[in-house]
Amino acid sequence: MFSSSRFTLRRRPLAAVGAAAALALTLAACGSSSDSSSMPGMDHGIKSSAASSPSATASTGDMPGMDHMADGNRLSDTQDGYRLTSSGQSLPAGKQAAYRFTVTGPDGKPVTGFAVDQTKRMHFYAIRSDLTGFQHLHPAMAVNGTWTADLASLAPGSWRTFASFTPDSGADKGKDFVLSRTVTVPGQAAKTLLPAAAGSTQVDGYTVTVKGELMAGMAHPLTVSVAKDGKPVTDLQPYLNTYAHLTAFHEGDAAFAHLHPTTKVNGDHGGPDLSFHAELPTAGNWRLFLQFQTGGKLHTAALTLRVG
């Protein structure tokens, strides 16, 4: 869906942990929080991470406080000495909320040096456990290393937040990380059933079509086409140095993946077809969120993709 200079340059393998076979996942990191996109009912380069302990098998995404039980699907708050910490385990429902977090390095001190990746130093995501309420933000960092992500209104329930970044110094300079934690929004949580797998969806008058048969742990091409009023769209504008930004979350545990776009950016006339290198680590349903820009407006399309 989206093509990015970063995506074109680098691919990042992920390692799946536990009983599952080792898998690879290409991710790319996507700051101001004004770049957010929230879709009720439904914005990186990353390398593999080991579980927080050898015996860890899966993340308990619906259980705040259990963030260390994670695997290579970006469900851990620690990797290679880096740790994601946050100010609390709950956020208010129904209104904008400031989520503050810090990344500490192997020396235990807050990291303040981050490389720019896709025009940003930090990419932050929030997703509810039923894969609704997707938000993609680019938070601001204070001089002490504390980041603040201004989240839009959150529905009650369990949420998982992801921080995608690249240290700009030290032994891990240039290495991509994605760390995550859970947070609870108090209130009566009404679960939304995941929409059935489909090859197309509509958003803001645009029709987005996805073509490709994916198998877990195997690399496959994926093509995304954008149309409006039955006509191919050719005026896609670059967004974070790509024509489309594609993020995926796995049903059941909210495992995170970012698909690797291969379409080169060439001015404000992208589309209608965008190609991706897709390699999702786990079988099952994945909720895809495609972000693209036209006329200065950011659109977010969501659909369910079945991976065999």
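The structure displayed is predicted, hence computed values, not measured ones.

Caption draft 1: Structural context of the overall build of the protein chain. Helix and strand content of the protein chain: one helix and 20 strands. Summed over its atoms, the accessible surface of the protein chain is roughly 12000 Å², and 52% of this surface lies on carbon and sulfur atoms.

Caption draft 2: Structural view of the nonpolar core. One finds Leu222 and Phe249 to be the most contacted residues of the largest nonpolar core, which totals 42 residues. Looking at this core, the elements that each hand over two or more residues are β5 (123-128), β12 (206-211), β13 (220-228), β15 (245-250), β16 (256-258), β18 (273-278), β19 (284-294) and β20 (297-307). Contact partners of Leu222, with chain neighbours within four places excluded, come to Val210, Lys211, Gly212, Leu214, Leu246, Leu259, Leu274, Ser275, Phe276, Ala278 and Leu288.

Caption draft 3: The arrangement of the packing of aromatic side chains in detail. According to the stated counting rule, one finds 18 aromatic pairs in the structure shown. Through successive ring pairs, a cluster of aromatic residues spans Tyr82, Tyr99, Phe101, Phe114, Phe124, Trp147, Phe165 and Phe177.

Caption draft 4: Molecular detail of the pattern of salt bridges. One pass over the full model with this rule turns up three salt bridges. A salt bridge links Asp77 to Arg181; its shortest N-O distance comes to 2.8 Å. Here Asp77 is found in the loop between β1 (38-39) and β2 (78-79), whereas its partner Arg181 is found in strand β10 (residues 177-185), with 104 residues between them in sequence. Looking at Arg181, the relative accessible area reads 12%, which means it is buried.

Caption draft 5: Region of the structure containing the environment of Tyr206. Relative to the helices and strands, Tyr206 resides in strand β12. For Tyr206, a relative accessible area of 6% gives the class buried. Dropping the residues within four chain positions of it, Tyr206 is found in contact with Thr201, Val226, Ala227, Lys228, Val233, Phe292, Thr294 and His299.

Caption draft 6: A look at the environment of Asp253. With respect to the secondary-structure elements, Asp253 resides in the loop between β15 and β16. When residues no more than four places from it in sequence are discounted, the contact partners of Asp253 are Asn73, Leu75 and Arg160. Among the polar contacts made by the side chain of Asp253, one reaches the main-chain amide nitrogen of Ala255 at a distance of 3.1 Å.

Caption draft 7: Broad picture of the pairing of strand β8 (residues 146-151). By the alternation rule, side chains of β8 split into Trp147, Ala149 and Leu151, which are all buried, and Thr146, Thr148 and Asp150, of which none is buried. Relative to β8, strand β4 (residues 97-104) runs antiparallel, the two sharing six bridges. Within β8, the position partnered with Phe101 by the bridge is Trp147. Relative to β8, strand β7 (residues 140-141) runs antiparallel, the two sharing two bridges. Counted as the bridge partner of Met141 is Trp147 from β8. The hairpin formed by β7 and β8 contains four residues between the paired strands, and Gly145 there has a positive phi angle of roughly 90°.

Parameters and conventions
Residues numbered from 1 in each chain as written. Predicted model: local features only at pLDDT ≥ 70, side-chain atom pairs only at ≥ 80, totals over all residues. Heavy atoms only, no water. Helix = DSSP H or I, 4+ residues; strand = E, 2+ residues; numbered from the N terminus. Areas by Shrake-Rupley, 256 points an atom, 1.4 Å probe, with all protein chains shown as cover. Core = buried A, V, L, I, M, F, W, Y, C linked by side-chain atoms within 4.5 Å. Buried < 20%, exposed > 50% of the residue type's maximum accessible area, 1.4 Å probe, protein only. Contact = heavy atoms within 4.5 Å. Phe/Tyr/Trp six-rings, centres within 6.5 Å; stacked < 30°, edge-to-face > 60°. Salt bridge = Lys/Arg side-chain N within 4 Å of Asp/Glu carboxyl O. Polar contact = N/O pair within 3.5 Å; in protein donor to acceptor, adjacent residues only side chain to side chain. Pairing = 2+ DSSP bridges.

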